[in-house]
Amino acid sequence: VAFTDSREAERHLRNPARAFDLLITDLVMPAPNGLDLVGVAQARSDELKVLLVSGSDQQRLQALDTSSDFQVLRKPYAAEELLDKVARLLTSPPA
């Protein structure tokens, strides 16, 4: 399922009738931002895999990449990089 609006994505993440295996979100978005969505998703399921994507704030991304329960993909990236990250996330054991 894809959403173009972060508020819509948040509503679906909070819906107990919905189940997700993977969340791919950008860091910089109108409220809620990517980190807010990650918090909502991880509060609901500690087994949900998360890929945070961004082309800005490289220092913050570096810190997040080494200290978080999710993966980071920096823009720009090739389709193969995205596919590789998604495959590794979906086949990795729960944290």
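Cut-offs used in this document
- Residues numbered from 1 in each chain as written.
- Predicted model: local features only at pLDDT ≥ 70, side-chain atom pairs only at ≥ 80, totals over all residues.
- Heavy atoms only, no water.
- Helix = DSSP H or I, 4+ residues; strand = E, 2+ residues; numbered from the N terminus.
- Buried < 20%, exposed > 50% of the residue type's maximum accessible area, 1.4 Å probe, protein only.
- Contact = heavy atoms within 4.5 Å.
- Areas by Shrake-Rupley, 256 points an atom, 1.4 Å probe, with all protein chains shown as cover.
- Expected span 1.5 Å × (residues − 1).
- Arc of directions from axis to C-beta.
- pLDDT = per-residue confidence, 0-100.
- Salt bridge = Lys/Arg side-chain N within 4 Å of Asp/Glu carboxyl O.

For the protein chain, the count of helices and strands is 4 helices and 3 strands. In sequence order, the protein chain lays out its α and β elements as α-β-α-β-α-β-α. For the protein chain, the proportion of its 95 residues judged to be buried stands at 31%. Here the contacts in the protein chain between residues at least 6 apart in sequence split such that 54% fall between residues at least 24 apart. For the protein chain, the computed accessible surface area is about 6,100 Å², with 52% contributed by carbon and sulfur atoms.

Turning to helix α4 (residues 79-91), a few remarks are in order. Residues three or four positions apart in an α-helix share a direction because the helix packs 3.6 residues into each turn. A rise of 1.5 Å per residue sets the reference length of α4, with its 13 residues, at 18 Å; its end C-alpha atoms lie 18 Å apart and thus fit the reference within 8%. Along α4, the residues classified as buried are Lys85, Val86 and Leu89. Buried residues in α4, looked at end-on, bunch into an arc of 95 degrees, giving them a common side. Opposite its buried face, α4 presents the exposed residues Glu80, Leu83 and Thr91, each directed more than 90 degrees away. Residues of α4 that are buried in the fold lie against β1 (22-26), β2 (49-54) and β3 (71-74).

With that out of the way, let us pick up the confidence of the model for the protein chain. For the protein chain, per-residue confidence averages 85 on the pLDDT scale, and 86% of positions sit at 70 or higher. Confidence, expressed as mean pLDDT per element, reaches its minimum in the protein chain at helix α3 (residues 58-67) with 59 and its maximum at α4 with 95.

Considering all chains together, one arrives at 3 salt bridges under this definition. Taking the shortest distance from any N to any O, the salt bridge between Arg14 and Glu10 comes out at 3.0 Å. Residue Arg14 and its partner Glu10 are located together in helix α1 (residues 6-14), separated by 4 residues, close to a single helical turn. The salt bridge partner of Arg88 is Asp84, with a shortest N-O separation of 2.8 Å. Placement of both Arg88 and Asp84 in helix α4 is noted, with a separation of 4 residues, approximately one turn of the helix.

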